[in-house]
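Structural description and commentary
Okay, here's what each chain looks like letter by letter:
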Amino acid sequence: MELKGYTGKYLDIDLTNKEVKLKELPEDWAKNYIGGIGFGIKTCWDNIPKDVDALSPENVISFWTGPFAGTLVPVSSKYTAVAKSPLTGTIGFGISSGYFGAELKRAGYDGVVIRGKADKLSYIFIDDDVVQIKDATHLTGKTTWETEDILKQELEDKSIRVASIGSAGEKLVRYACITNAKNRHIGRNGLGCVMGSKNFKALAVRGTNEVVVDDLKTLLKEVKQLYKDCRGEKMYYGREGTPIKILKHDKKAVLATNNFQKMTFDGAENVSGEKMMEEKVRKIIACEMCAVACDHVNVIKKGKYKGTVGSIDFESLWALGPLCGVDCLDAVTKAVQLCDTLGTDTISTGVTVAWAMECYEKGIFTKQDTDGLELNFGNADAMIELIERIGNREGEFAKMLGEGSKLAAQKTGKDTINFAMQIKGLETSAYPFRVMQTGALGHATCITGAFYQRSGSYQYDEKDAVDRYSLDDSRGKLVADGEDDYTVVDSLIICKFSRRIYPDKEKLAYLWNLVTGEKIKYQDLLDRGKKIYTLGKCFNVRHGFTRQQDYLPKRAYEEPINDHINKEAVVKMDEWDKALDGYYEYRKWDKKTGIPKKETLKELDLDDAAEEIGV
Amino acid sequence: MKVNVTLLTPFKKIKEKREIRLELENGETFYDLIEKLSQEHGDDFKNNLFESDKKIKTSIMIMVNGRTITDEKNLFQRKLKENEEYVFCAAIGGG
Ligand code: SF4
């Protein structure tokens with residue numbers, strides 16, 4: 001491998017035949033696909049043909065780090081898992097932090113590709129160059145936290161890093177997550193469900209090798225300054241944490257409440273980040289090589305939920321708080337702990353439960369349908385009970401919800417799909433479509449379904465840098481540029497919370513130079529980002545996605561929001577179509593179909609993709 | 001004329017309250033509002049709001065009636081209107 005920072009090797013493991021192969025990373029990958037999601041998307045493209053069911057042994061899940069993991073670069077101990085998503089049918093990926101990414105790199109691998117299906121529940125232990133597929137039947141039904149503890153005990157090393165699934169993953173909840181370091185998750189797109197479908201309970205890693213960089217001396221100097229910046233005034237992520245956005249969003253009237261029916265929440269103060277920090281947060285934890293330290297851990301000391309421990313960020317707090325009408329921090333902490341241990345994505349869980357609550361309040365579900373639960377908004381006990389049942393797949397109702405809001409709504413009928421707040425099957429994040437419309441566009445074009453972290457386009461609305469109540473054909477550029485930029489970040493992989501310490505993006509390119517030895521500009525990385533994102537899009541096209549799936553749930557077009565700040569706020573369909581046109585045009589994709597054009601793919605050196613998707 | 005002011009993180013509450021109603025003269029500006037808040041709140045408010053050169057810190061966000069204000073120059077001269085809602089909070093994105 002010419003470039004430094006990489007090990008140049010990855011593992012290719014077939015669980016069906018119990019075969020472990022050591023492979024060389026193709027020489028051109030680093031210069032074309034960076035690492036992280038770039039390598040993951042390329043792996044999916046090369047290995048998952050049309051019509052492969054996400055839950056079949058033919059699906060391939062791969063774990064990757066980037067060139068910075070295991071080096072001194074701050075906020076870089078990240079890893080990703082990428083596969084066809086069982087929730088959306090699109091490319092699916094998530095990114096997690098902690099210590100796992102750096103450990104995998106030190107074990108000597110840039111990534112691990114997993115195919116097939118084990119005949120019984122198994123885990124993989126990578127101990128530098130010794131790789132074993134081991135029996136995990138004794139871990140059946142164990143939570144992610146228990147699994148991590150048991151494996152560390154049985155492998156007799158507390159510093160082993162473990163990524164595992166809970167019972168939700170084993171039982172194929174479509175939004176099951178993968179958990180490492182107890183509070184860190186690959187949450188979105190149901191990657192834990194893919195692991196479950198392969199009888200693959202956990203990946204445990206011990207790595208003791210060093211990671212080589214190109215210019216250590218200069219890198220050390222740079223890193224010192226970056227550490228200082230990590231503690232700077234703008235870094236709210238560490239001190240106060242993202243939950244302080246609850247009150248801010250409430251004041252801006254963009255705090256989606258009761259399944260997006262309202263944009264302010266009467267109980268906001270009770271679940272505010274400020275209150276949480278004052279009364280509940282007992283520990284703040286950092287990932288390897290990070291001076292930001294953003295993981296705020298709540299400990300509930302008294303009352304009904306005494307002894308509950310849960311790490312809470314804004315999205316989780318919102319999804320299991322205001323979105324479900326719940327205004328009790330203890331209850332939200334309990335709900336988050338259940339999601340984390342049973343192994344479901346907090347956002348998808350909250351949005352799916354909120355949909356069920358709306359159905360219940362509208363009389364579409366009765367107490368009989370819900371297996372006895374009174375699912376009114378604000379009923380924290382019912383929410384908690386339901387989350388537990390979903391994670392354990394207990395009872396017909398919870399089983400249905402474990403399929404995700406889209407499939408549950410399709411099964412329920414009665415137009416409930418109109419308020420299942422998802423796109424392509426992925427439950428949406430906290431940025432409401434009707435009052436943050438640039439954000440909405442980014443959620444809709446996102447190749448993994450409704451998620452804010454793939455373009456960050458909601459930030460234009462948050463800052464009112466655009467008219468957030470309308471759309472036009474100029475917004476596509478904002479979204480597409482954001483997508484390419486975030487693709488670079490997720491391929492490098494660098495923590496998104498670091499954006500304020502790299503205000504000048506050339507700094508990232510410079511770090512790349514120092515780590516890999518390749519002298520390039522940020523624009524070169526962006527070009528690679530565009531190529532990766534476009535290949536991800538081609539993966540979706542191969543699996544049947546067109547423009548048709550880039551639309552919002554009907555609620556966004558048909559139910560205006562009115563309150564003291566929002567006036568008749570609704571997404572207008574003609575504007576939406578223009579905005580989509582603008583996005584495809586800017587991307588040089590076909591407007592009618594939303595599919596990349598042949599010449600565009602050729603420009604990106606993706607000729608084989610053009611042939612495969614028939615353009 | 002009265003306006004509503006909400007102080008969120010990193011600003012501290014005034015008299016144990018996050019939301020206060022302030023009385024101002026007709027024709028007074030946002031700058032007058034800041035002066036008034038500084039009187040009530042002391043240096044802590046100003047230190048949180050300003051860089052040493054009286055520029056608003058980039059780590060701070062100000063919203064008026066739900067709208068984020070980015071045009072600092074015009075902000076100071078902005079004439080206050082009855083019942084407007086001013087929110088002082090942290091510029092924090094992501095989640
Ligand atoms: S900012 Fe938070 S998530 Fe990111 S690397 Fe640091 S501790 Fe980990």
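Residues numbered from 1 in each chain as written. Chains lettered and ligands numbered in written order. Predicted model: local features only at pLDDT ≥ 70, side-chain atom pairs only at ≥ 80, totals over all residues. Heavy atoms only, no water.

1. Some words on the environment of B:Ile14
Tracing the backbone shows B:Ile14 in the loop between strand S1 (2-7) and strand S2 (19-23). Once residues lying within four places of it in the same chain are set aside, the contact partners of B:Ile14 are B:Leu7, B:Ile20, B:Leu37, B:Glu40 and B:His41. (Helix = DSSP H or I, 4+ residues; strand = E, 2+ residues; numbered from the N terminus. Contact = heavy atoms within 4.5 Å.)

2. Some thoughts on the interface of chain B and chain A
Interfaces are frequently sized by the accessible area removed from exposure as the parts join. Contacts between the two partners involve 26 residues from chain B, matched on the other side by 30 residues from chain A. Taken together, the two surfaces of chain B and chain A that pack against each other cover about 2400 Å², and 53% of this comes from carbon and sulfur. The salt bridge involving A:Glu269 is made with B:Arg18; its shortest N-O contact spans 2.5 Å. Scanning the region where chain B abuts chain A turns up 10 residue pairs in polar contact (both at pLDDT 80 or more). Counting only elements with at least two residues in the side of chain B that touches chain A, the list comes to strand S3 (60-64), strand S4 (67-68) and strand S5 (85-90) of chain B. Ranked by residue count, the leading element in the side of chain B that touches chain A is S5(B), at four residues. Per-class residue counts for the side of chain B that touches chain A are 10 nonpolar, 11 polar and five charged. (Buried area = accessible area lost by both parts, 1.4 Å probe. Salt bridge = Lys/Arg side-chain N within 4 Å of Asp/Glu carboxyl O. Polar contact = N/O pair within 3.5 Å; in protein donor to acceptor, adjacent residues only side chain to side chain. Nonpolar A, V, L, I, M, F, W, Y, C, P; charged D, E, K, R; others polar.)

3. Section: the packing of aromatic side chains
The final tally for this structure, using the stated rule, is 29 aromatic pairs over all chains. Both rings, one in A:Phe63 and one in A:Phe200, keep their centres 6.3 Å apart while their planes meet at 85°; by these two values the pair is edge-to-face. On the criterion of sequence distance, the pair formed by A:Phe63 in strand S3 (residues 61-64) and A:Phe200 in strand S12 (residues 200-206) is long-range, its members being 137 residues apart. The class of A:Phe200 is buried, set by a relative accessible area of 0%. Taking the centre distance of 6.4 Å and the plane angle of 35° together, the rings of B:Phe50 and B:Phe76 count as tilted. Taken together, the residues B:Phe50 in the loop between helix H2 (43-49) and S3 and B:Phe76 in helix H3 (residues 72-77) connect sequence positions 26 residues apart. Of the two residues, B:Phe50 and B:Phe76, neither departs from the other in class, the shared state being buried. Taking NZ or CZ as reference, A:Lys362 lies 4.4 Å from the ring centre of A:Phe419, over its face. Here the basic side chain of A:Arg542 rests over the ring of A:Trp45, its NZ or CZ set 3.8 Å away from the ring centre. (Phe/Tyr/Trp six-rings, centres within 6.5 Å; stacked < 30°, edge-to-face > 60°. Buried < 20%, exposed > 50% of the residue type's maximum accessible area, 1.4 Å probe, protein only. Lys NZ or Arg CZ within 6 Å of the ring centre and 35° of its normal.)

4. Quick look at the site of the ligand
Residues and elements named next belong to chain A. Contacts to the ligand come from Val75, Ser97, Arg184, Ala286, Cys287, Cys290, Val292, Ala293, Cys294, Cys495 and Phe497. Per-class residue counts for the shell around the ligand are nine nonpolar, one polar and one charged. Counting contributing residues per domain, the shell around the ligand is built from domain 1 (9-206) and domain 2 (234-413), each supplying no fewer than three. (Near = heavy atom within 4 Å. Domains from an automatic or database assignment.)

5. Remarks on the domain arrangement of chain A
All names here are of chain A. Domain assignment breaks chain A into domain 1 (9-206), domain 2 (234-413) and domain 3 (437-613). Summarising the inter-unit geometry, the C-alpha centres of domain 1 and domain 2 are found 26 Å apart. Each partner contributes to the interface: domain 1 provides 33 residues, whereas domain 2 provides 32 residues. For the pair domain 1 and domain 2, the interface holds three salt bridges. A salt bridge links Glu403 to Arg174; the nearest nitrogen and oxygen atoms lie 3.0 Å apart. Joining domain 1 to domain 2, the criterion identifies 22 residue pairs in polar contact (both at pLDDT 80 or more). Counting residues per element, the side of domain 1 that touches domain 2 draws most heavily on helix H5 (residues 167-170), which supplies three residues. A per-class count over the side of domain 1 that touches domain 2 returns 14 nonpolar, 13 polar and six charged.

6. Quick word on the sheet that holds S3(B)
Think of a sheet as strands paired side by side through backbone hydrogen bonds, with each pair either parallel or antiparallel. Residue and element names in this part refer to chain B. If you trace the five strands from one edge of the open sheet to the other, you get S2-S1-S5-S3-S4, paired in mixed fashion. Each having just a single partner strand, S2 and S4 make up the two edges of the open sheet. Note that S3 and S4 share two bridges and pair antiparallel. In the sheet register, Val64 faces S4, and the bridge partner there is Arg67. Relative to the sheet, helix H1 (residues 30-41) contacts S1, S2, S3 and S5, its axis offset from that of S2 by approximately 115°. (Pairing = 2+ DSSP bridges. Axes fitted to C-alpha atoms, helices over the stretch in contact; angles between N-to-C directions.)

7. Digging into the pattern of salt bridges
All names here are of chain A. If you walk through the whole model with that rule in mind, you get 53 salt bridges over all chains. The partner of Lys304 in a salt bridge is Asp381, and the shortest N-O contact between them spans 3.0 Å. In this pair, Lys304 is assigned in the loop between strand S14 (295-299) and strand S15 (309-311) and Asp381 in helix H14 (residues 380-392), connecting sequence segments 77 residues apart. Of the residues examined, Asp381 reaches a relative accessible area of 40% and is grouped as partly exposed. Notably, a salt bridge pairs Arg454 with Asp490, separated by 3.5 Å at the nearest N-O pair. In this pair, Arg454 is assigned in the loop between helix H17 (437-445) and helix H18 (458-462) and Asp490 in helix H19 (residues 475-492), connecting sequence segments 36 residues apart. Comparing Arg454 with Asp490, the two get one shared label, buried. Connected through salt bridges with shared partners, the residues Glu103, Arg106, Arg161 and Glu288 form a single ionic network.

8. Some words on helix H20 (residues 506-516) of chain A
Residue and element names in this part refer to chain A. The buried count for H20 comes to eight of 11 residues, which makes it a mostly enclosed element. Of the positions making up H20, those classed as buried are Leu508, Ala509, Leu511, Trp512, Asn513, Leu514, Val515 and Thr516. Looking at the buried side of H20, the elements it contacts are helix H1 (29-33), helix H7 (216-230), H19 and helix H21 (522-542). Once H20 ends, the next one or two residues include Gly517, with phi positive near 90°.

9. Here's the deal with the confidence of the model for chain B
Residue and element names in this part refer to chain B. Looking at chain B, the pLDDT average stands at 89 and 99% of residues meet or exceed 70. Within chain B, H3 has the poorest average pLDDT of any element, 82, and S1 the best, 96. Taken together, the chains of this predicted complex give a pTM of 0.97 and an interface ipTM of 0.94. (pLDDT = per-residue confidence, 0-100.)

10. Remarks on the nonpolar core
Ranked by size, the top nonpolar core spans 203 residues in total, and within it A:Trp318, A:Trp355 and B:Phe88 carry the most contacts. Ranked by residues supplied to this core, first place goes to helix H13 (residues 346-361) of chain A with nine residues. What B:Phe88 contacts, discounting residues up to four positions off in sequence, is B:Val5, B:Thr6, B:Leu7, B:Leu8, B:Phe11, B:Phe30, B:Leu37, B:Phe45, B:Leu49, B:Met61 and B:Ile62. Formed by 28 residues, the second largest nonpolar core is a distinct cluster that contains A:Leu11, A:Leu15, A:Tyr79 and A:Leu104. (Core = buried A, V, L, I, M, F, W, Y, C linked by side-chain atoms within 4.5 Å.)

11. Remarks on the pairing of S3(A)
Successive residues of a regular strand alternate their side chains across the two faces of the sheet. Residue and element names in this part refer to chain A. Residues Ile61 and Phe63 line one face of S3 and the alternating positions Ser62 and Trp64 line the opposite face, and both faces are buried. Where S3 and strand S6 (residues 111-115) come together, four bridges link them in antiparallel fashion. Bridging from a neighbouring strand, Ser62 pairs with Val113 of S6. Relative to strand S4 (residues 79-84), S3 is paired through three bridges, and the arrangement is antiparallel. Paired with Trp64 across the two strands is Thr80, which belongs to S4.

12. Some remarks on the packing of helix H2 (residues 36-47) of chain A against H21(A)
All names here are of chain A. Following both chains from N to C, one finds H2 and H21 inclined at 30°, their axes separated by 9 Å at the closest point. With respect to H21, the axis of H2 lies roughly parallel. Two packed elements cross with a definite hand, and for H2 against H21 that hand is left-handed. From H2, Ile37, Gly38, Ile41, Lys42, Cys44 and Trp45 reach across to H21, where they touch Ile532, Leu535, Gly536, Cys538, Phe539 and Arg542. (Parallel < 35°, antiparallel > 145°, perpendicular 65-115°, else oblique. Left-handed = near helix turned anticlockwise from the far one by under 90°.)

13. Concerning the pairing of S4(A)
Residue and element names in this part refer to chain A. Of all six residues that make up S4, six are buried, and the element is covered over most of its length. Where S4 lies against strand S5 (residues 91-96), six bridges are found, and the strand directions are antiparallel. Within the sheet, the bridge partner assigned to Ala83 lies in S5 and is Gly92. Connecting S4 to the next strand, S5, in antiparallel fashion are six residues, including Gly89 with a positive phi near 80°.

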